[in-house]
Amino acid sequence: MSDARSAAVAFLRAAWTPAALVAALLAVVVVASALGAEGGQVAITEMLIRVVVVIGIYVFAGNSGILSFGHIGFMCIGAYAAGWAACDPEWKGLMLTGLPAFLAEHRYPMPVAVLGSAALGGVAATLFGMAITRLSGIAASIATFAFLVIVNSVYANWDTVTAGTSSMVGIPAVVGPWTSLLFAAIAIVVAYLFQISGYGLMLRASRDDAVAAASSGVDIRRLRLIAFGVSGAIVGAAGGVYAHFLGILTTDTFYLDLTFITIAMLIIGGIGSLTGAVVGVLFITLVIEVLRALEAGVTIGGAAIALPHGAQEVGLGVLMALVLIFRPQGIMGGQEVPSPFPPAGSGRLRAGRIPESENGKFVEPVR
Amino acid sequence: MMGRRTEASVALRHSDTDDRPPGVANPLPSPMSATLTHASDCSATDLAAAGISVRFQGLAAISEVDLTVRRGEVLGLIGPNGAGKTTLVNCLTGHQRPSEGRILLGQMDITGWSPQKFRRAGVARTFQSGRLFKDMTVLENVETTAVGLGRSRRAAAREAMDALDWLGVADSAERLAGVLPYTDERRVAIARALVVPPEYLLLDEPAAGMSDSECDELLGFVNEIPGRYGCGVLLIEHNMRVVMNSCSRIVVLDGGRRIAEGTPEAVQKEPGVISAYLGEG
Ligand SMILES: Nc1ncnc2c1ncn2[C@@H]1O[C@H](COP(=O)(O)OP(=O)(O)OP(=O)(O)O)[C@@H](O)[C@H]1O
Ligand SMILES: [Mg+2]
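In this text, all values refer to a predicted model and were calculated from it rather than measured experimentally. (Residues numbered from 1 in each chain as written. Chains lettered and ligands numbered in written order. Predicted model: local features only at pLDDT ≥ 70, side-chain atom pairs only at ≥ 80, totals over all residues. Heavy atoms only, no water.)

Undergrad: Break down the overall build of chain A for me, citing the residues and quoting the values.
TA: Counting secondary structure elements, chain A contains 15 helices and two strands. What you see for chain A is a C-alpha radius of gyration of 21 Å, in line with the 21 Å of a compact globule of 367 residues. By principal-axis analysis of the C-alpha atoms, chain A measures approximately 60 × 55 × 50 Å. Burial analysis of chain A (367 residues in total) assigns 53% to the buried set. Carbon and sulfur atoms provide 71% of the accessible area of chain A, an area that totals close to 15,200 Å². The centroid of the 18 positive side-chain charges in chain A is displaced by 13 Å from the centroid of its 19 negative side-chain charges. (Helix = DSSP H or I, 4+ residues; strand = E, 2+ residues; numbered from the N terminus. Rg over C-alpha atoms; globule rule 2.2 N^0.38 Å. Buried < 20%, exposed > 50% of the residue type's maximum accessible area, 1.4 Å probe, protein only. Areas by Shrake-Rupley, 256 points an atom, 1.4 Å probe, with all protein chains shown as cover. Lys, Arg positive; Asp, Glu negative; His and termini not counted. Charge placed at Lys NZ, Arg CZ, Asp CG, Glu CD.)

Dropping the structure here:
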């Protein structure tokens, strides 16, 4: 009996963080649905898809300590993969003459298309990861940015496959709040399992001290590659879901704006914990919505006030600077959701700082 | 925040000024079942540096050093600050590629292997500056090695707990490594190196900055390691009394060169050693 009870406590202890995060997102969706605002549904869906993106980035950046500016490239790859799978074959036959037959002649349902997005995102990340995991921290981060630029140029100019600068249209826009919530929940569970796995443990060790991790038998490069692949697959899936939300794809969607917003979400929420990734998305979405409303103008006591255009971007930039100054480890400061079942395996203080020594290239004397 | 207690704060304590009885009793309980995991022919698997030189931008840190660590012994490595002790350990653990010479594990030439390959081949170390994973718990620190060496999470947690238990720091398992007192930090570092028992354990000044009694307590564990785990220990230590008591053999480095090797008694009598190291007091 006490065995069953301690097993139950152990399960709750292990499942607390993902369960609490999913519950929080569920609450947001329920409240938003109850309020019934028309634009609210769209905003909530977009937010939940961003939860998937930011969690995807977190799986690599949070565990390894290396920031990536290139993940929106995997989102682009995933979105177009879903587009290829889910567009109207007639349109594909006309516009995307470069597609292979299995894509050109068929139309796949959303779950299949999103699986394809995840697979292609994961494969692209693994291939690209083989290059960047050879680089040290800051060089790797710069290379990820170069990757984003490359993906954007290729997809913007590869007319026979991506319709180039004109849009890819006719993807069934079937994703709403509930579907995106499901994907967010899956992302949370996958990221959490990765984090508490041996891979997550070894990566965090290498983030704290790469020299000591290597001496503990940790193959840092291999682990970073695995994390990069998993993270690319999650962000790729997010791209596929996003394609099924927008219904129309242009390469501009997956570039600097989205990169900036998602990185800001991760850093402001706190790169050192899964909770930080989720909280960052919720918080920044709220801030953006408020700024957007102010840009559109509000009337207070008969006087109309409107912020100038661009206030959104400026506001976000200032906010990020303030957080970096006053709370460099983000809102969550590396903590997971406080658990009512201590001592939890998850909710410990965990700083998400970027390590100085990197990748087994020990420029400093090893002492 | 964490004050680095380095070798700079440690004065050399000479054996002639310290006449406490030898043979430090281990003050902590330990299971009687000595786990000799690697009972084997020692000489076939010595860890050896053969004619190692390391130059940094032309400056020689160590020159043509030979050194052999044997299974089952505690080998002392001594020498003044800057003598090249850490550099030699770096070579013996894959953190520094020697400019010349070879590293041998038994018959195998392992020169140029990466640190993780050294550890997987059974050569473990601790660091002079600790280098614990500060944002992780004590248990996770030790688990990392076990997982890194292929254990499952469950098995890793169990073996890590055993190692922490043996070193008397199991109570701190859930604490963050970054906030440990100095003496515990050193023990956790040893547990992390020892968790899946290596064949060789290289300890870079594990007792630096400790009081005499803390030092004796720690060395109690070090002395037990060869019998308990069947591994060879290389011990860098400035406290001469401790070195003389703990080590069956001693190698002396000075200015990057090996100036003496032998039993504690023999080394102490070497004129070169006396002038370079012991003779100043
Ligand atoms: N990576 C490096 N680059 C340049 N010089 C180095 C490097 N590592 C060590 N040295 C130099 O090599 C020499 C030997 O250093 P080492 O750290 O091995 O000495 P040590 O015997 O461990 O000294 P201590 O007792 O102070 O720990 C020193 O002069 C040191 O400055
Ligand atoms: Mg040293």
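Undergrad: Can you tell me about the UniProt feature "transmembrane region" (unreviewed entry) in chain A, naming the residues and giving the values?
TA: Residue and element names in this part refer to chain A. Residues annotated by UniProt as "transmembrane region" (unreviewed entry) correspond here to residues 12-36, 42-61, 106-128, 135-155, 175-194, 225-246 and 258-288. Secondary structure across residues 12-36 divides into 96% helix and 0% strand, with the first and last C-alpha atoms of the span separated by 33 Å. In this annotation, residues 135-155 is assigned 90% helix and 0% strand; the end-to-end C-alpha distance for the span is 26 Å. (UniProt positions renumbered as here; feature names shortened; annotations may be inferred.)

Undergrad: Could you give me a rundown of the pairing of strand β4 (residues 100-105) of chain B, with the residues and numbers involved?
TA: Residues and elements named next belong to chain B. As judged from the five bridges shared by strand β1 (residues 47-56) and β4, these two strands associate in the antiparallel manner. From the neighbouring strand, Ala50 faces β4, where its bridge partner is Arg102. With antiparallel pairing between neighbouring strands as the criterion, β4 and strand β5 (residues 108-109) make up a hairpin whose turn holds two residues, including Gly106 at a positive phi of roughly 60 degrees. (Pairing = 2+ DSSP bridges.)

Undergrad: Any chance you could break down empty space enclosed by the protein for me, citing the residues and the numbers?
TA: A complete count under the given rule lists three cavities of 30 Å³ or more for this structure. Reported here for the largest cavity is a volume of approximately 80 Å³. What lines the largest cavity is simply A:Ala212, A:Ser215, A:Ser216, B:Arg119, B:Ala124, B:Arg125, B:Thr126, B:Phe127, B:Thr145, B:Ala189, B:Arg192 and B:Ala193. Of all the elements in the fold, those that place two or more residues in the lining of the largest cavity are α11 (210-215) of chain A together with β6 (123-125) and α5 (182-194) of chain B. When residues in the lining of the largest cavity are grouped by element, the largest group, three residues, is from α5(B). (1 Å grid on protein atoms, 1.4 Å probe; cavity = no way out; pocket = protein on both sides within 12 Å on 5 of 7 lines; lining within 4 Å. Points joined across faces, edges and corners; volume = space filled by probe spheres on them.)

Undergrad: I'd love a proper account of the nonpolar core, names of residues and values included.
TA: Side chains that are nonpolar tend, in soluble globular proteins, to be buried together. A:Trp84, A:Phe254 and B:Leu164 are the most contacted members of the largest nonpolar core, which totals 171 residues. Tallying contributions element by element places helix α2 (residues 38-64) of chain A first for this core, with 14 residues. When residues of this core are assigned to domains, at least three fall in each of domain 1 (43-122 + 200-281) and domain 2 (133-197) of chain B. Ignoring any residue separated from it by four or fewer positions in sequence, one finds B:Leu164 in contact with B:Val138, B:Leu139, B:Val142, B:Val169, B:Ala170, B:Ala173, B:Val188 and B:Ala191. (Core = buried A, V, L, I, M, F, W, Y, C linked by side-chain atoms within 4.5 Å. Domains from an automatic or database assignment. Contact = heavy atoms within 4.5 Å.)

Undergrad: Got a sec to walk through the domain arrangement of chain B? Specific residues and values, please.
TA: All names here are of chain B. Along its sequence, chain B is carved into domain 1 (43-122 + 200-281) and domain 2 (133-197). Placing a centre on the C-alpha atoms of domain 1 and another on those of domain 2 gives a separation of 24 Å. Listed by partner, the interface residues are 19 residues for domain 1 and 15 residues for domain 2. When the area that domain 1 buries against domain 2 is broken down by residue, the three leading residues are Arg119, Phe221 and Tyr229, summing to 40%. Taken together, domain 1 and domain 2 are joined by one salt bridge. For Glu217, the salt bridge is made with Arg187, and the minimal N-O distance between the two is 2.6 Å. Here domain 1 is connected to domain 2 by six residue pairs in polar contact (both at pLDDT 80 or more). For the side of domain 1 that touches domain 2, the secondary structure elements donating two or more residues are α2 (115-120), β7 (200-204) and α6 (212-229). Among the elements that make up the side of domain 1 that touches domain 2, the one with the highest residue count is α6 (eight residues). (Buried area = accessible area lost by both parts, 1.4 Å probe. Salt bridge = Lys/Arg side-chain N within 4 Å of Asp/Glu carboxyl O. Polar contact = N/O pair within 3.5 Å; in protein donor to acceptor, adjacent residues only side chain to side chain.)

Undergrad: Please give an account of the site of ligand 1 that cites residues and values.
TA: Around ligand 1, the structure places 16 residues, and the nearest of them are B:Gly82, B:Lys85, B:Thr86, B:Thr87 and B:Gln128. More than one chain approaches ligand 1, the contributing ones being chains A and B. In this structure, an oxygen atom belonging to ligand 1 sits 2.9 Å away from a main-chain N or O atom of B:Gly82. Backbone polar atom of B:Lys85 to an oxygen atom of ligand 1: 2.8 Å apart, as the coordinates give it. When isolated, ligand 1 has an accessible area of 630 Å², and the protein chains bury 74% of it. With three residues, helix α1 (residues 85-92) of chain B is the largest single contributor of residues to the shell around ligand 1. (Near = heavy atom within 4 Å.)

Undergrad: Talk me through the coordination of the magnesium ion (ligand 2); I want residue IDs and the actual numbers.
TA: Residues and elements named next belong to chain B. Ligation of the magnesium ion (ligand 2) by protein atoms is provided by Thr86 (OG1) and Gln128 (OE1), these donors lying 1.9 to 2.2 Å from the ion. With Thr86 in helix α1 and Gln128 in the loop between β6 and α3 (138-148), this pair connects stretches of sequence that are 42 residues apart. Judged by its relative accessible area of 13%, Thr86 falls in the buried class. (Donors = N, O, S within 2.8 Å, 3.2 Å for Na, K, Ca; no water.)

Undergrad: Describe the sheet that holds β1(B), with residues and values.
TA: Within a sheet, each strand pairs with its neighbour through backbone hydrogen bonds, oriented either parallel or antiparallel. All names here are of chain B. Pairing is antiparallel across the open sheet formed by four strands, whose spatial order is β2-β1-β4-β5. Single-partner strands in this sheet number two, and they are β2 (59-69) and β5. Summarising the sheet, β1 and β2 pair through seven bridges and their orientation is antiparallel. Residue pairing in the sheet places Ala48 in a bridge with Thr68 of β2. Each of β1, β2 and β4 is contacted by α1, which is oriented at about 120 degrees to β1, the strand it contacts most. (Axes fitted to C-alpha atoms, helices over the stretch in contact; angles between N-to-C directions.)

Undergrad: Lay out the sheet that holds β6(B) with the relevant residues and their values.
TA: Residues and elements named next belong to chain B. Spatially, β6-β7-β8-β3-β9-β10 is the arrangement adopted by the six strands of the open sheet, whose pairing is mixed. Only two strands of the sheet have a single neighbouring strand rather than two, namely β6 and β10 (257-262). Strand-to-strand, the axes of this sheet are offset by a mean angle of 20 degrees, without reference to chain direction. Note that strand β3 (residues 74-78) and strand β9 (residues 249-254) share four bridges and pair parallel. What sits directly across from Gly76, in β9, is Ile250. Packed on one face of the sheet, α1 meets β3, β6, β7, β8 (232-236) and β9 and runs near 155 degrees to β8. Of the strands in this sheet, β3, β7 and β8 touch α6, which is tilted by about 150 degrees from β8.

Undergrad: Before we move on, could you go through α1(B) and cite the residues and values that matter?
TA: All names here are of chain B. Burial of α1 is extensive: eight of the eight residues sit out of reach of the surface. Looking at α1, one finds that the buried residues are Lys85, Thr86, Thr87, Leu88, Val89, Asn90, Cys91 and Leu92. In the segment just after α1, Gly94 is the residue with positive phi, at about 85 degrees.

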